[in-house]
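Summary of structural features
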Amino acid sequence: MTQPTDAAARFAALLAPEGADALAAAGALWADSPPDPLAAAAAMRAAGIPADLASTALTQAGLRHRAGAKFGPDAARLFFTRAGLEQATRAAVATRRAERLAAAGVRHVADLGCGIGADTIAFARAGLRVRAVDADPLTAAVAAANVAALGLSDQVTVTCADATAVPLDTVDGVFCDPARRRAGGGRVFDPRAYSPPWDFVTGLAERVPATVLKLGPGIDHALIPAHAEAEWVSVAGEVVEAALWCGPLAQAPRKATLLSTRDRAVNQLVGSGDALAPVGPVGRFVHDPDGAVVRAHLVAEFAATIGARLADPTIAYCYTDGAAPSPYASGFEVLETLPFSLKRLRAAVRAHGLGILEIRKRGSALEPERLRRDLRLSGGGAGTLLLTRVAGAPTAIIARAVPVA
Ligand SMILES: C[S@@+](CC[C@H](N)C(=O)[O-])C[C@H]1O[C@@H](n2cnc3c(N)ncnc32)[C@H](O)[C@@H]1O
């Protein structure tokens, strides 16, 4: 028997009534934190659960536990594979995408490479019909189980198929989130190594104009098709994806969407992606734009929102003379700016009494952790060190964080 067949058989056992019981028992053991593996296996054995099923259920319960961060309370009802969970879209991001597609008038969407179904679920919950396919039999089975677990089977079909062979004549929208991993693990930043292949993915909009593609945040702007909207999305400051909105779905050449987990606020910036910010001296305040703003090449648009300037035309730190809290950036008050020299920096950090130092960098090759050791920090104060360049010269800025907007 081959490995995938084994895995598929073990997953199928989980869906049977004894599997559900085993999963409930494993879930109870995982209630708050990872259980001791030996004690957990013993507890499952004592409950009369066969070893194979117990091991599958404990693994699944662990995945559900981890999935809480992406899926919230739904995680306790959903099924995962390790790779499927890693690659799955966060529910908050998938929901926004699905609602935008529905608002654009899409009624029946093909989800090509649906994974464990995070986007499929969001599409169905937004009222769309979904034709979901995945080439991997176990992953497709997991997606089908998830659709059923959430009572969405009326709206969704899940099949195991190669996306490149799926007819698209019955759908009015397409979503494709290609796999971006090498067989040996690790992310694939070169879209030509995507699966399904890049040419197929970028050709989808010619077949169904209302196409949206989810890509890695590192996508090269040169690869973005003309007339598509490229949207970078961050969640709590972490850039999680780039999405290309094609045909009638495109609203602006470049967009940065920032989702806050603190207050659920959504902040968006749009622009051409090629505007230039003014350049001037370092100011009393420095602003480090969210990664989505930087990746979308919208630093000039961000700077304009707070009247900021760059101190180096190639570096995204923005400066103002007055306080300018912004949801698009982390803001700091500058305490001291000095040309980079380890000796001078060590003395300055000591003079400011900084024993706890956040180190940020843009345009510097220094290794923060090595520098932290070399600074031999002492003192009770907390601050931020920004390593950068000012008009081309390596520069250190000692600063303190200002409250978030
Ligand atoms: C990044 S994951 C999709 C994740 C999904 N959007 C989610 O949020 O759960 C990509 C999926 O594409 C599937 N895949 C890769 N090549 C494929 C192909 N040629 N046809 C269909 N599915 C494919 C992989 O098996 C994988 O599950």
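Residues numbered from 1 in each chain as written. Predicted model: local features only at pLDDT ≥ 70, side-chain atom pairs only at ≥ 80, totals over all residues. Heavy atoms only, no water.

Points about the nonpolar core
The biggest cluster of nonpolar side chains holds 54 residues, and the ones touching the most others in it are M44, F71, F80, L101, V109 and F123. Here this core takes 8 residues from helix 4 (residues 51-71), the largest share from any one element. Residue contributions to this core reach at least three from each of two domains, namely domain 1 (3-70) and domain 2 (86-251). Excluding residues that lie within four positions of it along the chain, F80 makes contacts with Q60, L63, R64, A67, F71, A75, L85, I116 and V142. Among the nonpolar cores identified, the runner-up in size contains 45 residues, and V133, A242, A277 and F302 belong to it. (Core = buried A, V, L, I, M, F, W, Y, C linked by side-chain atoms within 4.5 Å. Buried < 20%, exposed > 50% of the residue type's maximum accessible area, 1.4 Å probe, protein only. Helix = DSSP H or I, 4+ residues; strand = E, 2+ residues; numbered from the N terminus. Domains from an automatic or database assignment. Contact = heavy atoms within 4.5 Å.)

Brief notes about the UniProt feature "domain: THUMP-like" (unreviewed entry) in the protein chain
Following the UniProt record, the feature "domain: THUMP-like" (unreviewed entry) maps to residues 330-400 here. With 25% helix and 51% strand, residues 330-400 has end C-alpha atoms that lie 11 Å from one another. (UniProt positions renumbered as here; feature names shortened; annotations may be inferred.)

Remarks on the environment of A393
If you trace the backbone, A393 turns up in strand 16 (residues 393-401). Separated by 30 residues in the primary sequence, A393 and G363 place their C-alpha atoms 10.0 Å from one another.

A short note on the sheet that holds strand 13 (residues 329-339)
Each strand in a sheet pairs with another by means of backbone hydrogen bonds, the pair being arranged parallel or else antiparallel. Across the sheet, 7 strands lie side by side as 11-12-10-13-16-15-14; this open sheet has mixed pairing. Two strands bound the open sheet, and with one partner strand each, they are strand 11 (309-310) and strand 14 (354-361). Strand direction decides the pairing type here: strand 10 (residues 285-289) and strand 12 (residues 318-320), joined by 3 bridges, are antiparallel. By the bridge assignment, V286 is partnered in strand 12 with Y319. Each of strand 13, strand 14, strand 15 (381-390) and strand 16 is contacted by helix 12 (residues 342-351), which is oriented at about 120° to strand 13, the strand it contacts most. (Pairing = 2+ DSSP bridges. Axes fitted to C-alpha atoms, helices over the stretch in contact; angles between N-to-C directions.)

As for the packing of helix 3 (residues 37-46) against helix 4
At a closest axis distance of 10 Å, the pairing of helix 3 and helix 4 adopts a crossing angle of 130°. Of the possible angle classes, the one that applies to helix 3 and helix 4 is oblique. At the point where helix 3 passes helix 4, the crossing takes the right-handed sense. Mapping the contact onto sequence places A40, A41 and M44 in helix 3 and A54, A57 and L58 in helix 4. Residue classes in the contact of helix 3 with helix 4 are distributed as 6 nonpolar, no polar and no charged. (Parallel < 35°, antiparallel > 145°, perpendicular 65-115°, else oblique. Left-handed = near helix turned anticlockwise from the far one by under 90°. Nonpolar A, V, L, I, M, F, W, Y, C, P; charged D, E, K, R; others polar.)

A word on the site of the ligand
Close to the ligand lie 22 residues; T89, D134, A163, D177 and S195 are nearest. D119 has a polar side-chain atom sitting 2.9 Å from a nitrogen atom of the ligand. The contact in question runs from a nitrogen atom of the ligand to an N or O atom on the side chain of S195, over 2.7 Å. Protein contacts shield 91% of the accessible area of the ligand, which totals 610 Å² for the unbound molecule. Within the shell around the ligand, the residues separate by chemical class into 10 nonpolar, 7 polar and 5 charged. (Near = heavy atom within 4 Å. Polar contact = N/O pair within 3.5 Å; in protein donor to acceptor, adjacent residues only side chain to side chain. Areas by Shrake-Rupley, 256 points an atom, 1.4 Å probe, with all protein chains shown as cover.)

Focus: the side chain of D312
Examined against the element boundaries, D312 turns out to sit in the loop between strand 11 and strand 12. Here D312 sits buried without a salt bridge, and the closest side chain of opposite charge, R389, lies 4.2 Å off (N-O distance). There is a polar contact of 2.7 Å between the side chain of D312 and the side chain of T314. Every residue in contact with D312, bar those within four places of it in the chain, is listed here: V279, R389, V390, A391 and G392. (Lys, Arg positive; Asp, Glu negative; His and termini not counted. Salt bridge = Lys/Arg side-chain N within 4 Å of Asp/Glu carboxyl O.)

Things to note about helix 2 (residues 17-29)
Taking 1.5 Å per residue, 13 residues should reach 18 Å; helix 2 reaches 19 Å between its end C-alpha atoms and fits that length. The complete set of buried residues in helix 2 reads G19, A22, L23 and A26. Buried residues of helix 2, viewed axially, fall in a sector of 100°; they line one side. Residues of helix 2 that are exposed and point more than 90 degrees away from the buried face comprise P17, D21, A24 and A28. (Expected span 1.5 Å × (residues − 1). Arc of directions from axis to C-beta.)

Describing helix 12
Side chains of residues three or four places apart in an α-helix project in the same direction, reflecting 3.6 residues per turn. Of the residues making up helix 12, those classed as buried are L345, R346, A348 and V349. One side of helix 12 holds all its buried residues, which, seen down the axis, span an arc of 165°. In this structure, helix 12 carries K343 and A351 as exposed residues pointing more than 90 degrees from its buried face. Looking at the packing, one finds that the buried side of helix 12 touches strand 13, strand 14, helix 13 (368-375), strand 15 and strand 16. Positive phi appears at G353, one or two residues downstream of helix 12, with a value of about 65°.

Notes on the packing of aromatic side chains
In this structure the tally under the stated criterion is 5 aromatic pairs. Plain terms: the ring middles of F11 and F79 are 5.5 Å apart, the flat faces sit at 85° to each other, and that makes the pair edge-to-face. A residue pair is termed long-range when its members are at least 10 positions apart, and F11 in helix 1 (residues 3-15) and F79 in the loop between helix 4 and helix 5 (82-87) qualify at 68 residues. Taken individually, F11 and F79 each receive the classification buried, so the pair is uniform in this respect. Here the guanidinium or amino end of R64 rests over the ring plane of F79, the centre of that ring lying 4.9 Å away. (Phe/Tyr/Trp six-rings, centres within 6.5 Å; stacked < 30°, edge-to-face > 60°. Lys NZ or Arg CZ within 6 Å of the ring centre and 35° of its normal.)

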